[in-house]
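# Examining the three-dimensional arrangement
The lines below spell out each chain.
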Amino acid sequence: MNLLKGQGYRRQPDNAKVIQQLVAAYGKQGQWSEALSLSDKLIEEPRTQSLGYYLKGRVYYDKKEYALAITAFETILADKPAAIEFLQFLMRAHQREDQLDLAYAYLQKHITDY
């Protein structure tokens, strides 16, 4: 099912909120390549780059590709270290990869720095 034919995307193809909803819908349908492609579209724009990496991380997390999710979440935290929601998903991904020491280290660093 091609969700890009929907009214919201045709009217506002650069609207980050519409793209975010499409990524979520594609993910729910298991259409991972479409979801990742739209996430990459957000990453290309400096103003939506963090959202793009977050969505990319969520897609990889939902696919159970935790190492790739970790990379996406770490990219965000390098620029926005106070982003709590991103930190939570990064820690969860580390836990899924049996990297509890890294999850704990990120939490400690966050508590110390902020």
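Residues numbered from 1 in each chain as written. Predicted model: local features only at pLDDT ≥ 70, side-chain atom pairs only at ≥ 80, totals over all residues. Heavy atoms only, no water.

## A look at helix H2 (residues 16-28)
Inclusion rule: Numbering of helices and strands starts at the N terminus; helices are DSSP runs of H or I of at least 4 residues and strands are runs of E of at least 2. By this rule, a helix spans an expected 1.5 Å times one less than how many residues it contains. Exposure categories follow from relative accessible area, calculated using a 1.4 Å probe and restricted to protein chains: below 20% of the type maximum is buried, above 50% is exposed, and the middle band is partly exposed. Polar contact is defined as a pair of N or O atoms within 3.5 Å, subject to the rule that within protein one atom must be able to donate a hydrogen and the other to accept it, and that residues adjacent in sequence are counted only when both atoms are side-chain atoms.
Between its first and last C-alpha, H2 extends 18 Å over 13 residues, near the 18 Å set by a 1.5 Å rise per residue. Looking only at H2, the buried set comprises Ala16, Val18, Ile19, Leu22, Val23, Tyr26 and Gly27. Looking at where H2 begins, the residue whose side-chain oxygen comes 2.8 Å from the main-chain nitrogen of Lys17 is Asn15. Phi turns positive one or two residues past the end of H2, at Gly30, with a value near 75°.

## Examining the packing of aromatic side chains
Stated formally: Pairing of aromatic rings covers Phe, Tyr and Trp, the last through its six-membered ring, and needs centres within 6.5 Å; plane angles under 30 degrees mean stacked, over 60 mean edge-to-face, and all others mean tilted.
As enumerated under the stated definition, the model contains six aromatic pairs in all. Consider the rings of Tyr61 and Phe89, whose centres lie 5.6 Å apart with planes at 85°: the pair is edge-to-face. Separated by 28 residues along the polypeptide, Tyr61 in helix H4 (residues 49-62) and Phe89 in helix H6 (residues 84-96) bring together distant segments of the chain. Its relative accessible area of 12% is what places Tyr61 among the buried residues. The class for Phe89 is buried, based on a relative accessible area of 7%. In textbook terms, an aromatic cluster arises when at least three aromatic residues are bridged by ring pairs, as seen for Tyr54, Tyr61, Tyr66, Phe73, Phe86 and Phe89.

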